[in-house]
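Per-entry structural report
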Amino acid sequence: MSSRATAELAAADRRLLWHPFTQQRGWESDEPPVLIERAQGTTLYDTDGNAYIDGVSSLWCNVHGHRHPVIDAAVRAQLDRVAHSTMLGLSHPPAVQLAQRLLALAPEGLERVFYSDNGSTAVEVALKMAFQLCQHRGERARTGFIGLRNGYHGDTIGSVSVGAIDLFHTLYRPLLFERWAAEPGDAEDLEALLDEHGERVCAVVVEPLVQGAAGMLLQPAGYLRRVRELCDRHGVLLVCDEVATGFGRTGTMFACEQEGVSPDLLCVAKGLTGGYLPLAATLTTAEVYDGFLAEFHELRTFFHGHTYSGNPLACAAALATLEVFESERTLERLQPKIALLEQALGDLVAPLPAVAEVRQRGFMVGIELAGFAAEARIGHQVALAARRRGAIVRPLGDVIVLMAPLAIAEAELSRLVEITAAAIAEATAEPLAAAA
Ligand SMILES: *Cc1c(COP(=O)(O)O)cnc(C)c1O
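Everything numeric in this text was worked out from a predicted model, so none of it was measured. (Residues numbered from 1 in each chain as written. Predicted model: local features only at pLDDT ≥ 70, side-chain atom pairs only at ≥ 80, totals over all residues. Heavy atoms only, no water.)

Attention now goes to the side chain of threonine 284. Within the secondary structure, threonine 284 is located in strand S12 (residues 280-285). Residue class for threonine 284 comes out buried when judged on its relative accessible area of 4%. Not counting chain neighbours up to four residues away, the residues in contact with threonine 284 comprise Gly109, Leu110, Glu111, Arg112, Asp264 and Leu265. (Helix = DSSP H or I, 4+ residues; strand = E, 2+ residues; numbered from the N terminus. Buried < 20%, exposed > 50% of the residue type's maximum accessible area, 1.4 Å probe, protein only. Contact = heavy atoms within 4.5 Å.)

Here it is as structure tokens:
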């Protein structure tokens, strides 16, 4: 694209668009936006032809790389059949085939798939199912939820209600329903909450192993298993939100597996279609499902659905994504890359004076920078410096997140860490010198 055409589009973007999680005043006055025109593998190309490593998997969802031939072909083939048909009153082959495949991979005990179209709705569905099940069971007092402090489950009102990131959520408190927040990683705290309020709780909602949007906060080994035990003891459902952790991101297909835990409700989205198309699923057990079976007049129907729930193109992309996990032995080939990542972070990033902590679980990485004023927007400065050096990273406040596609080549992964280290050094040099 000509630089004139690019400049015109960039100007129109600033005039017409409103970007997510973005202070538009800064967006309008910072350097002009980068427009991504195409991608190949794990590289993004902008309209000026500049190349960038996709260091955050296009916001945590790309898995096997962009323009993967198998996924591309599956979407094209589905396009020749039908792009969209509803799941309300009808079904279609890719929805059924994907459910079979998903359930074969999911933790034991999960036997039903309810589709929606993004991570927030997958959580909304789980919350409403849990609540409604308790009502059906006559446990009318169980109207509340327990989430974890710093939890993030999406941006719709229900998922915000169970979330607990002050910066994103506090303002909306008057709109939200009742929920208690337990200290993540501290089973005793959850136990105390359940002892006090357990009879009013229908579900505990957690991001297993890693709280992503909180800045990649890690939970100690054994915690998730304790959460499962406490839920069982109090007759409370466990909702695991694997929207971020699912599909290999922590090193196993699902994070729950690492603790041998089966939740009552499992939410997946982001990586489900390999980062191609919006699709989500809420998986649940026969026990939950059976609680909704009744004569129509008993009004136990789950009255919930979205226009694009289980969209055929998205299901075709998801099916192909799961096939590629097998044909390319993605999880097996990921293990040495996880080790390489750990080594490179230890060598290049951890020793930097601005770095307070490096957190890693599988392919999820948070690099915490400390000692900077909020106005310095140091995370943002690091992301800009990385971009000039050829990598796209997106910070969460002062935490630099690395979340490369699982398919990234080892050389690219090393380069991503090198660029990140150089960007941190560059962006923090001046503020550190000024503070000294
Ligand atoms: C991203 C995310 C969501 C929300 O997913 P969207 O598709 O953005 O609505 C929910 N839960 C977790 C853990 C996430 O990381």
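Once the structure has been displayed, the description carries forward.
Before going further, it helps to spend a moment on the domain arrangement of the protein chain. Partitioning the protein chain into domains gives domain 1 (34-64 + 329-435) and domain 2 (70-327). Each partner contributes to the interface: domain 1 provides 28 residues, whereas domain 2 provides 29 residues. It is Trp60, Arg361 and Met364 that lose the most area in domain 1 upon contact with domain 2, and together they represent 32% of the buried surface on that side. Seen at the junction of domain 1 and domain 2, the total is 0 salt bridges. Between domain 1 and domain 2 we count 15 residue pairs in polar contact (both at pLDDT 80 or more) in total. Those elements that place two or more of their residues in the side of domain 1 that touches domain 2 are helix H3 (57-60), helix H13 (330-349), strand S13 (355-361), strand S14 (364-369) and strand S17 (399-402). Considering every element that reaches the side of domain 1 that touches domain 2, the biggest residue donor is H13, with 5 residues. (Domains from an automatic or database assignment. Buried area = accessible area lost by both parts, 1.4 Å probe. Salt bridge = Lys/Arg side-chain N within 4 Å of Asp/Glu carboxyl O. Polar contact = N/O pair within 3.5 Å; in protein donor to acceptor, adjacent residues only side chain to side chain.)

A word on the site of the ligand. Close to the ligand lie Trp60, Asn118, Gly119, Ser120, Tyr152, His153, Gly154, Glu207, Asp241, Val243, Ala244 and Lys270, which account for all nearby residues. Note that an oxygen atom of the ligand is positioned 2.6 Å from one of the side-chain N or O atoms of serine 120. Coverage of the ligand by the protein chains reaches 83% of its 380 Å² of free accessible surface. Looking at side-chain class alone, the shell around the ligand contains 4 nonpolar, 5 polar and 3 charged residues. (Near = heavy atom within 4 Å. Areas by Shrake-Rupley, 256 points an atom, 1.4 Å probe, with all protein chains shown as cover. Nonpolar A, V, L, I, M, F, W, Y, C, P; charged D, E, K, R; others polar.)

Turning our eyes to something else, we now look at the packing of aromatic side chains. Across all of its chains, the model carries 4 aromatic pairs by this definition. Taken together, a centroid distance of 5.5 Å and an interplanar angle of 40 degrees make the contact between phenylalanine 145 and phenylalanine 177 tilted. Note that phenylalanine 145 is positioned in strand S5 (residues 144-148) and phenylalanine 177 in the loop between helix H8 (166-169) and strand S6 (179-182), a separation of 32 residues in sequence. A relative accessible area of 32% places phenylalanine 177 in the partly exposed class. Between phenylalanine 292 and phenylalanine 302 the ring centres are 5.9 Å apart and the planes differ by 85 degrees, which places this aromatic pair in the edge-to-face class. Taken together, the residues span a long stretch of sequence, with phenylalanine 292 in the loop between helix H11 (286-290) and helix H12 (312-327) and phenylalanine 302 in the loop between H11 and H12 at a distance of 10 residues. Note on phenylalanine 292: relative accessible area 14%, which makes it buried. A residue is classified by how much of its surface remains accessible, and phenylalanine 302, at 14% relative accessible area, is buried. Feature note: the residues Phe114, Phe292 and Phe302 constitute an aromatic cluster, connected by ring pairs. (Phe/Tyr/Trp six-rings, centres within 6.5 Å; stacked < 30°, edge-to-face > 60°.)

Bringing the side chain of threonine 6 into the picture now. Checked against the element boundaries, threonine 6 lands in helix H1 (residues 3-16). The exposure class of threonine 6 is buried, given its relative accessible area of 9%. Only 3.1 Å separates the side chain of threonine 6 from the side chain of threonine 47, close enough to count as a polar contact. Apart from residues no more than four positions distant in its own chain, threonine 6 is found in contact with Met1, Leu35, Thr47 and Asp48.

Taken as a whole, this structure holds 19 salt bridges when the rule is applied. Across the pair glutamate 368 and arginine 359 runs a salt bridge, and its minimum N-O distance is 2.8 Å. Given the relative accessible area of 27%, glutamate 368 is considered partly exposed. A relative accessible area of 8% means that arginine 359 is categorised as buried. With its nearest N and O atoms 3.6 Å apart, the salt bridge here joins arginine 415 to glutamate 412. Of this pair, arginine 415 and glutamate 412 are both found in helix H15 (residues 410-435), 3 residues apart, which corresponds to roughly one turn of the helix. A network of salt bridges, in which partner residues are shared, links Glu191, Arg226, Glu229 and Arg233.

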